[in-house]
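Coordinate analysis (summary)
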Amino acid sequence: MSADDIPYQLRPNKFIDRQIFLEAMSRLLPVRGPESYIYVSMGGRHLMDHHAAYYTLGIQALYSFDKDANEVARQKFNRPTGKAICEAFSSSELAGRLDEIMSRFRSRQNLIVWLDYTSADRRSQFQESKQTLVKLKHGDIFRVTLNADIRTFGAKGEWRDKAVGPGEYRIAKLRSQIGEFVPTIFERMRDDEFPATLSQCLKLLVESAQLEMNGLTVLPILLTTYSDGTPMLTATFAIADPVSEQRFPPEKFKRWKFASRNWEDIRSISSPVLSLREQYRLDQNIHRGAQRMLAGLKFEPAVGEEASLQVLQSYKDYHRYYPNFRPIED
Amino acid sequence: MAEEEPGETIWGGPTKRFFVSMLTRDIELKDAILDLIDNCVDGATRQLKGKLKGEKPYEGYWARLSLSAEGFEIADNCGGIPESSIKDAFLLGRPKLDHKIPTIGMYGIGMKRAIFKIGEEAFVQSFSIDGAFEVEYTRDWLDPENDEWDLPISEVANKKTKGLTILIPSLRKEVAKKFGNSSFENDLKTAVSEHFGYLIQRGFVVYVNDEKLRSRTLHLHGLDGQQEGIRPFDFEAVRDGVHVRVTVGFFRPLTKMEEVDEEAERPVEKREAGISVICNDRLVLLNDVSMKTGWGDGGVARYHPQFRGIAGFIIFSTDNPEKLPISTTKRDLDVGEEIFLFARQYCIEGLKECIAFTNKWKGMEEETEKFFSAAKLKDARTEIHLAAKHGIPLRGGGGKKLNASLPVPAQRNPMRRISFARKEDAIKTVSVHLFGEDVDSPKQVGEECFDRMLKTAKKEGR
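Residues numbered from 1 in each chain as written. Chains lettered and ligands numbered in written order. Predicted model: local features only at pLDDT ≥ 70, side-chain atom pairs only at ≥ 80, totals over all residues. Heavy atoms only, no water.

1. Some points on the pattern of salt bridges
Counted according to the given criterion, the structure contains 45 salt bridges over all chains. One salt bridge in this structure joins Arg247(A) and Glu251(A), with 2.8 Å as the shortest N-O distance. We classify Glu251(A) as partly exposed; its relative accessible area is 42%. Across the pair Glu448(B) and Arg452(B) runs a salt bridge whose closest N-O atoms are separated by 2.9 Å. (Salt bridge = Lys/Arg side-chain N within 4 Å of Asp/Glu carboxyl O. Buried < 20%, exposed > 50% of the residue type's maximum accessible area, 1.4 Å probe, protein only.)

Encoded structure:
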């Protein structure tokens, strides 16, 4: 079963992550207007992102791709408007097709591109991301989701006989995958450091792309990590021409609570899976601290008090985005 | 007899433009910086007067680089330029060679070319035991139109640390862009760790923007001595005053056929396979998989992802740098040199043995993992001395060789690989038929089909 099959009420953090992204877009798009943009992403079989881009952001130029022809047929069935284009090709071909995609929506000048990866094929994903980035222009937005699960470096104990410790083994494995993007100073990676490590790797990827972007800069504007079982890192970038008269992103974007200030500024989303009743109880106490919210529940929503306080703090931070749809018997 | 009238002559000397804006195109920025570090190492080697025996002869010597979009500086404690060498040091080209010192610099152009490549002006300060001075490359001097060749030199106060400092306060525009880019900085650090890995291993220290760089050297799976199991090919000899060592083996377990197929569809791993060439402890060629090092020649197959675990090196060491098979940039080989061709022959032998091993276990790669687990990774230069300790002498003398020891599968019932392609929907149909669901791996579907048919065939006795 792919992640696409799991309903959003069972992966609230992915849902929250996407809602934060939509809010970021709602703050960025007014500079050039939603009419300037084409939304390009893999989309998944139900084209949830495209529906959100259309209904929430008002973007009408929608484009999705998937390597599976049947998935594309299903995307066509589910597309929000008849104008949305769904085509069959793999993510490795996207960079080479961007000009063609632009020509299909002649009046649009800008792109929002989201490469929503789930697997740990990091080498191809980093290369595809760079190839895509170097094609982008002032006012464009690029977003990439990467698998940040340390279990992708092998089973527990696999490091024995191969490295001095598990952290050193993980870094060595990461170097064998994307060595040119791993900072030389990294010697090891602790259990909880993968999202932060990947963020620094993305920084080198972006800097490497910038050398080929004729003076354009790529700014990290939203860095999030979440887990609904598999830890992921999502990074959103604004492409800007520093000498352009039209400032992008707008100055006031920095004032947004979730805007990332630098590559270390990663928002961690770890809200618990809640029933409607639990959610209502928490919402009654949302103005209070996590401790009071926990006391109001009378049970621990995660394993142990510390973890419970952490997930409740995360819920408090992101409750505005928490999914509200539920099966009726919930 | 009347004296013969001299004929007319024309100026056949160099132009400033050739040096400051043409010669710099022959070298990449990163390599130009590596040239500067090479000079630091050459300075340390001179200080050591060739006494390079022991594990860490370079201990205590360092080079420190600082680079940003604003400027560049490299400083070392490697002795500086002695008064007797000042004139030669700033000539464009070396008038005579310093024999008896195992450097790799021969042409006397590296430092100057790097300065011309990087900056719009520069200061070279030397603090040596017999004096200290500063030479300035002004903007005027670096103007390609300016035919003035004299450089201003002045005495400066000497320092306790004897060494050379090159300060470049204003950078060329394209260089400033790269020096301000953290991806370039990271690539440079990686290149230094690789190119000077063997020198760092021997005690030399390089800092780039305050980061002390670690050595990146070749590690191979290898058992000691005559033990059965994975053991690399190892060869060493002395020829015409050059010590040659060739070691070829495996740095990772065999590539499985699924991995080879996967690699054909998309890049999976950073390629670390191939042969590196090291001249007087400096890396000249990294992980080569071309004919330069014997791939696709002399009966060796061309490089293919199946050989992704094979790596090795050719090491040349000599007190006479003229005998090293390197080009003027010091980052490439002169592959026509006789000494290189000699070493390449043995590299071909090593490659053939390793390639044959991958072929013998094709389709059964997983069965070899126990051999790799038993033979731990070792630093190939410092921990593998198979030819020296256990090698057989070469015919005619002058060297020793120990062939690789690589286990072979039992021949009675060898494994054979079955490989074919079918349409995705057909595989899905068979998968659902066999497993009740669409499994992820087509290989699993193929194997199950075969196993069931085999069972039926055995049962029916045909």
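2. Things to note about the domain arrangement of chain B
Entries for chain B in the domain assignment read domain 1 (16-212), domain 2 (219-402) and domain 3 (424-459). Placing the centre of domain 1 of chain B and that of domain 2 of chain B at their C-alpha centroids yields a distance of 32 Å. (Domains from an automatic or database assignment.)

3. As for the interface of chain A and chain B
Each partner contributes residues to the interface: chain A has 23 residues there, and chain B has 22 residues. Across the chain A/chain B interface, buried area totals approximately 1900 Å², and carbon plus sulfur atoms make up 47% of it. Seen at the junction of chain A and chain B, the total is 2 salt bridges. For Arg214(B), the salt bridge identified is with Glu187(A), shortest N-O distance 3.0 Å. In this assembly, chain A and chain B are joined by 13 residue pairs in polar contact (both at pLDDT 80 or more). Of the residues that constitute the side of chain A that touches chain B, the class distribution is 6 nonpolar, 8 polar and 9 charged. (Contact = heavy atoms within 4.5 Å. Buried area = accessible area lost by both parts, 1.4 Å probe. Polar contact = N/O pair within 3.5 Å; in protein donor to acceptor, adjacent residues only side chain to side chain. Nonpolar A, V, L, I, M, F, W, Y, C, P; charged D, E, K, R; others polar.)

4. Concerning the sheet that holds strand S2 (residues 61-66) of chain A
All names here are of chain A. An order of S3-S2-S1-S4-S5-S7-S6-S8 is seen for the 8 strands of this open sheet, with the pairing classed as mixed. Edge positions in the sheet fall to strand S3 (85-88) and strand S8 (267-269), since each has one partner strand and no second. Looking at each pair of strands side by side, their axes are set apart by 15° on average, direction ignored. Examined bridge by bridge, strand S6 (residues 217-227) and S8 share 3 bridges and lie parallel to one another. (Pairing = 2+ DSSP bridges. Helix = DSSP H or I, 4+ residues; strand = E, 2+ residues; numbered from the N terminus. Axes fitted to C-alpha atoms, helices over the stretch in contact; angles between N-to-C directions.)

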